[in-house]
Each structure stands twice: as C-alpha cells, then as structure tokens.
Amino acid sequence: MVLAYYIIAVATTKMDIAILGAGPAGLGAAYKLAKRQVAGVTVVEKATAVGGLSSSFPISGIFADFGSHRLHTECRPDILADLQLILGDDLLLRKRRGRIRLQGRWLDFPLRPLNMIKKMPKHMAFGLLFHLLFSKFRKKPTENSSFSDVMMRGVGPGLCRDFYFPYARKIWGLEPEEISSIQALRRVSARSVGALLRRVLSSLGILGKSKAAYFYYPRKGYGQISEKLSVAAEESGATVLLGTEIKKIIRNEPSGFKILLSSGKGTYEINADQIWSTIPLTNLIKLLDLPVPQDVHQSLNLLESRAMILVYLAFNKEKVTDFDTHYFPEEQYSFTRVSEPKNFSGFGPIDKTILCAELPTQVNSKIWNMSDMEIGQSVIASLVIAGVLKGSEIPETQIKRLPNAYPIYKKGFEDAFYLVDHWVGSIEGLVTFGRQGLFAHNNLHHVLEMAYGAVDSLQENGMFDKENWRNHRVSFDKQVVVD
Ligand SMILES: Cc1cc2nc3c(=O)[nH]c(=O)nc-3n(C[C@H](O)[C@H](O)[C@H](O)COP(=O)(O)OP(=O)(O)OC[C@H]3O[C@@H](n4cnc5c(N)ncnc54)[C@H](O)[C@@H]3O)c2cc1C
C-alpha cells in the first residue's frame, strides 16, 4: 500500500519550469515543452503582448512590424513544418521584391545579373572582378582580425568603401576596424566575391531554385507567429503571464528558485525548479539575488546593444511603391532600411499604406531625444531626396524606440561574453538562450532552433542534459543572419 502511494506520487510530480520572455524564443520553448508534458510551464513577460522584437501592431488597419521582418526559407524543415501546422493557410509564401539605393541608382535586391550589369556603378563591378582574380594572394584573417579585415579580403576595397563599411557604421555605430570579425561571420552571408556571384547566379535558377527569392510571411503580420505559438503552448497546458514584471530571482535551498513578480494583480511569487531565460543577459544578472563576481560585473559593460528608432509614415493611398524593402547603405541617409509592410503579405485596406524607416542609434543620442515630429520630418525629407516620396506628401507619423535592437560585437566582446556566459551557466537550473539571452545577432528561425535545442536537452526525468546542450550551443555559433 505504502509502495503504491509512493509510485503514484513520483509519477505525478512534474518539474516546474519558468520561461522568462514571451518573444519567439520563450514561446517556441513553451510550445515544444508543454507538448511533451514533462514539466509545468509558466512564461513571464513584461510587455502586454507576446512577440518581443518579432511582434506586430496595427497602424491604419495594417499590421506593422518592428522594421522589415520575414521568415527566411533557410528555416530548419521541422521548425517550418510546426509553423505551417499552427499558422495553416495564414503562412504565405511570397516573392521578394527589394532594391538598394547606391550612388543615386536603384539595384534590385535580391541581386539579378542583368540588372547588376546595367545598374551597378562600373568602377564597383570592375573592382569586384579584379578582386576575384587576385583573391588567392590575399592574407587570411587571423584570430585578431576585425570586420574590416574579413570584408576587405572577401569582397575588396570598392564594395567595402561604397557598401559594407558605411552600412556597418550606421548599424553598429563603430568604425569597421573596431568591429569583431565575428560580426562579419554571423551577419554577412555573402562575404566573398564567390559567394556573391553564387547568389546572383542562383536568381537565374542555374544552380538550383533560388531560396533567397522567396520568403514566408503571416497574413496578419510577423507577430502572428508568436501569437499562434502562445495559443498552441497554452492549449497544451502552459501559462503565459503578460504585463508581469520580474522583481527578483532568489535561489531556493537545496535547489530551484523563487521568482518575485509584480503585475496589475499586485506582487506575488512563483516557484520554479528551473529557469529558462530569454531576456537580456545583463538584465537577468541584475535580477539575480546572488553575489556577482567582480570580473563578471565589469564584463557586463562590454555587452552593449544598439538601439533603433522606427519611424512609421501613414498615407491615404493604395501604395507608395511596389517594393517590400528599400536598402540605404549610404551615410547620407540616417536610416538603413525602409519597408512597406502591406507589400509583405499583400493584404490590407485598399486606400491606405504605411512605410517604416529603421534608424539605428544609441539610447539617449541626439536623435533618440529629438521630438517625434522632428524625426519624422527629417525622414520624410530624405525620402523625397531619394525619390521615394514626392515633396507634396505629408503623411501622419508614429515613432517607436527600441533600446535592444542589435548586439554590438565590438572587438574584445568575446572575452566579456565568455566570462558572463560561463558564470550564468554555472548556476544550477538556469539556462539562457534566444537573441538577448545569448547576445546573438540572429533571426527568428535561429532562436527557435535554440528553443528546440533546450527542450531536446530536458530528459524525461526532468534533468537538464548539459552535454547535449553544449553540443547544441556549438551549432548556434554557425548561425548566419539572413537579410
Ligand atoms: C530591425 C530588425 C529586423 C529584423 N528582421 C528579421 C527578419 O527579417 N527575420 C527574422 O527572422 N528575424 C528578424 N529580426 C530578428 C528577430 O526580431 C529576433 O531574432 C527575434 O525576435 C528574437 O526573439 P527572442 O525571443 O530571442 O527575443 P525578443 O524578440 O527580444 O524577445 C524577448 C522578450 O523578453 C521580454 N523581456 C525582456 N526583459 C524582460 C523582463 N525583465 N521580464 C520579462 N520579460 C522581459 C521582452 O519584452 C520580449 O518580449 C530582426 C530584428 C530587428 C531588430
């Protein structure tokens, strides 16, 4: 009788896992974990909506995203299959239609051979050819190399000077020589003339069907992916707490954690055997009620994020252009990209459209502190110069400010990240992943790989298999951002 009671007790006692952050990483893990039924799952999110950087919100009846977002066809097949299952017909396959503004001309993006021959400035095209012929003789980048070294060797001085370097200065706010080579490896998929040419030729179908020519996009904005993941996770038993702030994380003895929370319902606490955190690493460490070693504390200052201002312009007309995204590498424009969200899904009101300009900057920079009206006016003026808008158009403006848009890989950040990551990883029961949790510049499909890797590392008995997780972590280092 006593034995029977014991067996029932063991069989029904599940671990509790608290997931911090309801962006795609947190929700992907909650969805996969709840389906396995090996742990109780609670997701804690400070915002009042799910999706993090990948969420959407309505402007003029159109689903707007935080800048140009698309699900790339490079998404791992099993993850894509899950997203197709939960989104059904709402996950659309769309043809890309972008263009790059370079020296007063527009080049198609994805790049196409005939268009390149016609539109690429001649000195740039000859520079690329010359670089291709002599690339074998160039010095290989070493451990100490910078973004500048890798790109100069890969594509040569012409393309670096006119495209990659001004773009890099705008995105990360650093000189190319100050940026770690890891940024080039993680951020630039076409970082050699050969890779660039393969991309261009693939648009002809010579080297197989071009993946880069298409993308997936949900009918109701990029945020629909996270919304559907959240619903599916809750249907499998997970709890998602929105508008909930984490006040403190306290270690329980002998194991587990107590998490102090605050929401509209007041202040309360939950217990968790494990915490899986996808919130910014630096914020997580501030919430931990544990003594932080001096070197870890100092390293946090080197894990900086680039902020971004998003400028939404609303028009009372069907469309501004036929393009989904316009790229602006040159420094005379304060923005790097301008997208027209309605052209991503092809759905929206017939008589309205919006544009979204992305302005990378620092929190508290001069432009960050400018009024919304001033920022809007300066973007409109630049778009008139680029020929995207006519001078007579006066759209309504809305601004959003993101403090943590991109991790900044300044040379030397690697050692700082190593120290912080190792200390956090040594806290039993605490796992970090996602863009903010691993300080990783990546896409949504990459953070879902991380989430699925974490769930794969949880054994049936509730133990977290660290060896398996380490192997997954090695594979995340190979993730390269797709634009
Ligand atoms: C401008 C831009 C364009 C991009 N374009 C693409 C694209 O085309 N395709 C693509 O796939 N990806 C794109 N990305 C990347 C994509 O947005 C991210 O990879 C993805 O959203 C990361 O998911 P995550 O869950 O790891 O982090 P996040 O999306 O940052 O989510 C983290 C969550 O944690 C929450 N949080 C933070 N602190 C706390 C706290 N203290 N307590 C509780 N919750 C907290 C946040 O509110 C947020 O909801 C782009 C990103 C940017 C900035």
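Residues take numbers from 1 onward in each chain, read along the sequence in its written order. In view of the model being predicted, local features appear only for residues whose pLDDT reaches at least 70, and side-chain atom pairs are presented and counted only at 80 or more, with totals across whole chains, interfaces and linings using the full set of residues. Just so you know, side-chain values use all the structure's heavy atoms and leave hydrogens and water out.

## A closer look at the overall build of the protein chain
Each helix is a run of DSSP H or I of at least 4 residues and each strand a run of E of at least 2, with the numbering of both proceeding from the N terminus. Secondary structure assignment for the protein chain yields 17 helices and 20 strands. Classification of the 483 residues of the protein chain by burial places 54% in the buried group. Restricting the contact set of the protein chain to residue pairs at least 6 apart, pairs at least 24 apart contribute 72%. All accessible-area figures derive from a Shrake-Rupley calculation using a 1.4 Å probe, and residue coverage is judged against the displayed protein chains alone. Roughly 22400 Å² of accessible area belongs to the protein chain as shown, and the carbon and sulfur atoms make up 56% of that amount. A 1.4 Å probe rolled over the protein chains alone gives each residue an accessible area, and that area as a share of the maximum for its type sets the label: buried under 20%, exposed over 50%, partly exposed in between. Any two residues having at least one pair of non-hydrogen atoms within 4.5 Å are treated as being in contact.

## What about the site of the ligand?
Taken together, 32 residues surround the ligand, and among them Glu 45, Ser 54, Arg 70, Arg 435 and Leu 444 come closest. At 3.3 Å, a backbone N or O of Lys 46 approaches a nitrogen atom of the ligand. As used in this structure description, the phrase polar contact means that two N or O atoms lie within 3.5 Å; if the pair is within protein, one of them must be able to donate a hydrogen and the other to accept it, and residues adjacent in sequence are counted only when both atoms belong to side chains. The backbone of Arg 70 places a nitrogen or oxygen atom 2.7 Å from a nitrogen atom of the ligand. Coverage of the ligand by the protein chains reaches 93% of its 1000 Å² of free accessible surface. Those elements that place two or more of their residues in the shell around the ligand are helix H2 (24–36), strand E19 (396–407), helix H15 (434–437) and helix H16 (444–456). Per-element tally for the shell around the ligand: the top contributor is H15, with three residues. Here a residue counts as near a molecule or strand whenever at least one of its heavy atoms sits within 4 Å of it.

## A short note on unusual backbone geometry
The amide bond that connects Phe 109 to the next residue, Pro 110, takes the cis arrangement and shows omega of 0°. For Pro 110, the location among the structural elements is in the loop between strand E8 (105–109) and helix H4 (113–119). Note that the residue after Glu 253, namely Pro 254, is joined by a cis bond; omega there is 5°. By secondary structure assignment, the location of Pro 254 is in the loop between strand E11 (245–251) and strand E12 (257–263). Of note, Gln 37 is a non-glycine position whose phi angle comes to about 60°, a positive value. Following the sequence through the fold, Gln 37 ends up in the loop between H2 and strand E2 (39–44).

## Observations concerning the packing of H16 against helix H17 (residues 466–476)
For any two helices packed against each other, one specifies the crossing angle of their axes together with the interaxial distance. Helix axes are fitted to C-alpha atoms over the stretch in contact, other axes to C-alpha atoms as well, and angles between N-to-C directions run from 0 to 180 degrees. With their axes 9 Å apart at the nearest point, H16 and H17 run at an angle of 165° to one another. Relative to H17, the element H16 is oriented roughly antiparallel. Classified by chirality, the crossing of H17 by H16 is right-handed. Of the residues in H17, those in contact with Glu 449, Met 450, Gly 453, Ala 454 and Asp 456 of H16 are Asn 468, Trp 469, His 472 and Phe 476. Angles are sorted into four bins: roughly parallel if under 35 degrees, roughly antiparallel if over 145, roughly perpendicular if 65 to 115, and oblique for all others. Two helices cross in a left-handed way if the nearer one is turned anticlockwise from the farther one by less than a right angle. They cross in a right-handed way if the turn is clockwise.

## Some remarks on the sheet that holds strand E6 (residues 91–95)
The pairing criterion is simple: DSSP has to find at least two bridges between the two strands. The strand order E5-E9-E6 describes an open sheet built from three strands, whose pairing is antiparallel. Strands with a single pairing partner mark the edges of an open sheet, and in this sheet they are strand E5 (71–72) and E6. Bridge count between E6 and strand E9 (residues 214–218): five bridges; the pairing is antiparallel. Of the residues in E9, the one forming a bridge with Leu 92 is Tyr 217. Contacts from helix H3 (residues 77–87) reach E5, E6 and E9, with the element oriented near 115° to E6.

## Looking at the confidence of the model for the protein chain
Confidence scores here are pLDDT values: one per residue, from the predictor, ranging 0 to 100. Across the protein chain, the average pLDDT comes to 91, with 89% of residues at 70 or higher. Note on residues 1–12: pLDDT is under 50 here. Beyond four places in sequence and across chains, it has zero contacts.

## Some details on the pairing of strand E18 (residues 353–361)
In terms of burial, E18 is a largely internal element, nine of the nine residues being buried. Both faces of E18 are covered, namely the face carrying Thr 353, Leu 355, Ala 357, Leu 359 and Thr 361 and the face carrying Ile 354, Cys 356, Glu 358 and Pro 360. When strand E15 (residues 305–315) meets E18, the two strands line up antiparallel, connected through nine bridges. Considered in E18, the bridge of Ala 314 is made with Ile 354. Alignment of strand E17 (residues 337–339) against E18, held across three bridges, turns out to be antiparallel. When the bridges of E18 are listed, Arg 337 appears paired with Glu 358.

## Section: helix H9 (residues 223–235)
Here H9 is 13 residues long and its end C-alpha atoms lie 19 Å apart, about the 18 Å a rise of 1.5 Å per residue gives. Residues of H9 that are buried include every one of Gly 223, Gln 224, Ile 225, Ser 226, Leu 229, Ser 230, Ala 232 and Ala 233, and no others. Backbone geometry just after H9 places Gly 237 at a positive phi near 110°. Multiply 1.5 Å by the residue count of a helix minus one, and that product is the helix's expected span.

## Overview of the side chain of Gln 274
Along the chain, the position of Gln 274 falls in strand E14 (residues 274–277). You can call Gln 274 buried: its relative accessible area is 6%. One polar contact links Gln 274 to Trp 276, side chain to side chain, over a distance of 3.0 Å. If we ignore the near neighbours within four places in the chain, the residues touching Gln 274 are Met 15, Asp 16, Ile 17, Ala 18, Phe 257, Gly 429, Leu 458, Gly 462 and Phe 464.

## Thoughts on the pairing of E2
Of all six residues that make up E2, five are buried, and the element is covered over most of its length. Strand direction decides the pairing type here: strand E1 (residues 15–20) and E2, joined by six bridges, are parallel. Residue pairing in the sheet places Met 15 in a bridge with Ala 39 of E2. By the criterion used throughout, a crossover qualifies as right-handed when its path from the first strand across the helix to the second strand runs clockwise, the strands pointing away from the viewer. Note on the crossover from E1 through H2 to E2: the handedness is right-handed. Examined bridge by bridge, E2 and strand E10 (residues 239–241) share three bridges and lie parallel to one another. Looking at E10, one finds that Val 44 is bridged to Leu 241.

## A short note on the packing of aromatic side chains
Aromatic contacts are taken between Phe, Tyr and Trp rings whose centres are within 6.5 Å, Trp giving its six-membered ring; a plane angle under 30 degrees counts as stacked, one over 60 as edge-to-face, and the others as tilted. A complete count under the given rule lists 24 aromatic pairs for this structure. A centroid spacing of 5.8 Å and a plane angle of 45° characterise the contact between Tyr 409 and Phe 439, whose relative ring orientation is tilted. One end of the pair, Tyr 409, is in the loop between E19 and helix H14 (413–425); the other, Phe 439, is in the loop between H15 and H16, and 30 residues separate them in sequence. In terms of burial, Tyr 409 and Phe 439 fall into one category: buried. Through a chain of ring-to-ring contacts, three or more aromatic side chains come together here, namely Trp 276, Phe 433, Phe 464, Trp 469 and Phe 476.

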